[in-house]
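# Commentary on secondary and tertiary structure
One-letter residues, chain by chain:
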Amino acid sequence: MRSDPRSDRLPISALLALTTAAFITVLTEALPAGVLPGLSRDLGISESAAGQTVTVYAIGTALSAIPLSSLTAGWPRKRVLLIGAAGFAVANTVTAVAGNVPLLMGARFVAGIAAGLVWALLAGYARRLAPEGQEGRAIAIVMAGIPAALSLGVPAGTFLGEAFGWRLTFGAITVVAVVLIAWITAVVPDRPGTRSQGRLPMARTLATPGVAVVLVVTTVFVLAHTIGYTYVAAFLSGAGMAAHIDVALLVFGIASMVSIWIVGVHIDRRLRMLSIASVIVVAVASTALALVSGDVVTTYVALALWGLGWGGVPTLLQTAVGKAGGGYADTAQAALVTVWNGAMAAGGAAGGVLLGFLDASELPLGVAALLVPVFIAVLAAHRHGFPASKPVQQSDVCDLNVTATTAPSVVENS
């Protein structure tokens, strides 16, 4: 079912509500990276322990994405989206008032579950709200919430956290979630769920040429990025830039937006080239951060390079796994969201362990080292996984529009 067949206009207000849902999902996930020092001081724990708030969130998403997608497949889409938004409101409220670590971690786990629920429907919901032939544009609008959260939300949250405390920042996300619930209720048209298709054919999907290598690349690339990004505030503080964390994250976020735009323009014909370039740029940026720690200007440049290399990675990997999966594309994408969040959980934990043995300034070198096998894997997958793109066929346009603009989420069947 589509939007009103008499209209060829995109339902902008409804799509922006979904954009806001994506924004809240990413902001809730990434915000601890910007408020880590204050959070650790307030709760009397180390920064490595505080960093596990990202790990627990990712575990919640990884464990819930596929099961919740299957469980709620037949439910009306609006109901599922409202439940997810309510989950964010409750989880962020509890996070804001948590007086001990177990309660905080429990709230973060619930927030991760809400994220698994929301990611499972956003792309498909946007596609079904759009007039025929404009599905790709609709999904692009919704997924703009990701760079907006990184470039605006996290730096703003970091600023609020430094000025008024990290609790107020999470409370502010609750307010946005409550507004979103009212917005969805008022303007977002409902769409029916889809008939359950039974157990996902995971074994056959993983045996499809190219799928496994994309999932391996995803695992190691996300692991590397998470080790660096989760503890970027600790790194910057150690480099004498504690007063510039919000600005540094803003630089990273703006560069990520530029990256997403570049990837969106060229991905249909240059998937392989863009994937290789992303690995190289992030590796160079990580190495530069480690070598020039303490130099403010060079650090900003390195962070900009990092954002430029990383911003389009979710789109590149989602597109690669969708193309490789062929008839099993939806199952491959479900596997990707699980692998992605599992790697985030592992990255948060690994970074915390490393921070116990290394100085924060040395973490970027670990990121660069992990990217070596990623680079080799992408280069080797020249036939399947990351092949040179062929000219786009008309019959592929719809599928490419769907996969090229989505975040690492489970894309539902229409």
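## Notes on the overall build of the protein
A count of helical and extended segments in the protein gives 19 helices and zero strands. Considering the protein as a whole, with its 414 residues, one finds that 55% of them fall into the buried category. Sequence separation of at least 24 residues holds for 88% of the intrachain contacts in the protein that already meet a minimum separation of 6. About 16100 Å² of surface is accessible on the protein, with carbon and sulfur atoms providing 68% of the total.

## Some remarks on helix H6 (residues 101-119)
Taking 1.5 Å as the rise per residue, H6 with 19 residues should run 27 Å; its terminal C-alpha atoms sit 27 Å apart, in good agreement. Buried residues of H6: Leu104, Met105, Ala107, Arg108, Ala111, Gly112, Ala114, Ala115, Gly116, Leu117, Val118 and Trp119, and no others. The N-cap residue of H6 is Asn100: its side-chain oxygen and the backbone nitrogen of Leu103 are 2.9 Å apart.

## Quick notes on the side chain of Arg272
Note that Arg272 resides in helix H14 (residues 245-291). A distance of 2.8 Å separates the side chain of Arg272 from the backbone oxygen of Phe386, its partner in a polar contact. The contacts of Arg272, once residues within four sequence positions are left out, are Val378, Leu379, Ala381, His382, Phe386, Pro387 and Ala388.

## Thoughts on empty space enclosed by the protein
In the structure shown here, the tally under the stated rule is three cavities of 30 Å³ or more. By volume, the largest cavity amounts to about 400 Å³. Lining the second largest cavity we find 13 residues, and of these Gly228, Phe235, Leu289, Trp306 and Pro364 sit closest to its centre. Broken down by secondary-structure element, the contributors of at least two residues to the lining of the second largest cavity are helix H12 (211-230), helix H13 (232-238), H14, helix H15 (296-310) and helix H18 (363-380). Looking at the lining of the second largest cavity, the element that brings in the most residues is H18, giving three residues. Looking at the lining of the second largest cavity, its residues break down into eleven nonpolar, two polar and no charged.

## Overview of the packing of H12 against helix H16 (residues 313-325)
Contact geometry for H12 and H16: axes closest at 8 Å, N-to-C directions at 160 degrees. Here H12 is positioned roughly antiparallel relative to H16, judged by the angle of their axes. Here H12 and H16 pass one another in a crossing that is left-handed. On H16, the residues that touch Val211, Val214, Leu215, Val217, Thr218 and Phe221 of H12 are Val313, Leu317, Ala320, Val321, Ala324 and Gly325.

## Here's the deal with the nonpolar core
Formed by 117 residues in total, the largest nonpolar core has its most connected members in Leu18, Leu122, Tyr229, Trp306, Trp310 and Leu371. When near neighbours in sequence (up to four residues on either side) are disregarded, Trp306 contacts His225, Gly228, Tyr229, Val232, Phe252, Val282, Ala285 and Leu289.

## A look at the packing of aromatic side chains
Summed over the entire model, instances satisfying the criterion amount to six aromatic pairs. Ring centres of Trp166 and Phe170 lie 6.1 Å apart, and the angle between their planes is 80 degrees; on these two criteria the pair is classed as edge-to-face. A residue pair is termed a helical-turn pair when its members lie 3 or 4 positions apart in one helix, as Trp166 and Phe170 do in helix H10 (residues 166-187) at four residues. The burial state of Trp166 is the same as that of Phe170; both residues are buried. Plain terms: the ring middles of Phe221 and Trp310 are 5.3 Å apart, the flat faces sit at 75 degrees to each other, and that makes the pair edge-to-face.

## Details of the side chain of His225
Along the chain, His225 falls in helix H12. Judged by its relative accessible area of 9%, His225 falls in the buried class. Among the polar contacts listed, one links the side chain of His225 to the side chain of Trp310, at a separation of 3.4 Å.

## Observations regarding the environment of Val367
Structurally, Val367 can be placed in helix H18. For Val367, a relative accessible area of 1% translates into the label buried. Between the alpha carbons of Val367 and His225 there is a distance of 6.6 Å; along the sequence they are 142 residues apart. When neighbours within four sequence positions are excluded, Val367 is seen to be in contact with Ala224, Ile227, Gly228 and Ser286.

## Section: the confidence of the model for the protein
On average, residues of the protein carry a pLDDT of 82, and 87% of them reach 70 or more. Here residues 1-6 is modelled with pLDDT under 50, and outside its nearest four sequence neighbours on either side it reaches 14 contacts, counting other chains as well. Across residues 391-414 the pLDDT falls below 50, and counting only partners more than four positions away or on other chains, this stretch makes 73 contacts in the model.

## A look at the packing of helix H1 (residues 12-30) against helix H2 (residues 32-43)
One way to put it is that H1 packs onto H2 with a least axis distance of 7 Å and a crossing angle of 35 degrees. Every residue of H2 that contacts H1 at Thr28, Glu29 and Ala30 is listed here: Pro32, Ala33 and Gly34. Partitioned by chemical class, the residues of the contact of H1 with H2 number three nonpolar, two polar and one charged.

Definitions and cut-offs
- All residue numbers refer to positions counted from 1 along the written sequence of the respective chain.
- Under the rules for a predicted model, residues below a pLDDT of 70 receive no local features and side-chain atom pairs below 80 are neither given nor counted, while totals for whole chains, interfaces and linings still include all residues.
- Each side-chain value is worked out from all heavy atoms of the structure, with water and hydrogens disregarded.
- Each helix corresponds to a stretch of at least 4 residues labelled H or I by DSSP, and each strand to a stretch of at least 2 residues labelled E; elements are numbered beginning at the N terminus.
- Three labels apply to residues, based on accessible area from a 1.4 Å probe with only protein chains included: buried if under 20% of the type maximum, exposed if over 50%, partly exposed otherwise in between.
- Every residue pair with non-hydrogen atoms within 4.5 Å of one another is taken to be in contact.
- All accessible-area figures derive from a Shrake-Rupley calculation using a 1.4 Å probe, and residue coverage is judged against the displayed protein chains alone.
- Expected span, for any helix, means 1.5 Å times one less than how many residues it has.
- N or O atoms closer than or at 3.5 Å make up a polar contact, with two conditions inside protein: a donor-capable atom paired with an acceptor-capable one, and, for residues adjacent in sequence, both atoms drawn from side chains.
- Every definition here rests on a 1 Å grid over the protein atoms only: cavities are sets of points where a 1.4 Å probe fits but cannot get out, pockets are open sets enclosed by protein on both sides within 12 Å along at least five of seven lines, and lining residues have some atom within 4 Å of a point.
- Grid points are joined across faces, edges and corners, and a volume is the space filled by probe spheres set on the points.
- Following the grouping adopted for this structure description, the nonpolar residues are Ala, Val, Leu, Ile, Met, Phe, Trp, Tyr, Cys and Pro, the charged ones are Asp, Glu, Lys and Arg, and the polar ones are all others, Gly among them.
- Only C-alpha atoms enter the line fits that serve as axes; for helices the fit covers just the stretch in contact. Angles between N-to-C directions range over 0 to 180 degrees.
- Reported orientations rely on four angle classes, namely roughly parallel under 35 degrees, roughly antiparallel over 145, roughly perpendicular from 65 to 115, and oblique for the rest.
- Should the near helix be turned anticlockwise from the far one by less than a right angle, the crossing is termed left-handed; should it be turned clockwise, right-handed.
- For the purposes of this section, nonpolar cores are sets of buried Ala, Val, Leu, Ile, Met, Phe, Trp, Tyr and Cys residues that join through side-chain atoms within 4.5 Å.
- Note on aromatic contacts: the rings of Phe and Tyr and the six-membered ring of Trp form a pair at centre separations within 6.5 Å, being stacked when their planes are under 30 degrees apart, edge-to-face when over 60 apart, and tilted otherwise.
- The score called pLDDT rates the predictor's confidence residue by residue, from a low of 0 to a high of 100.

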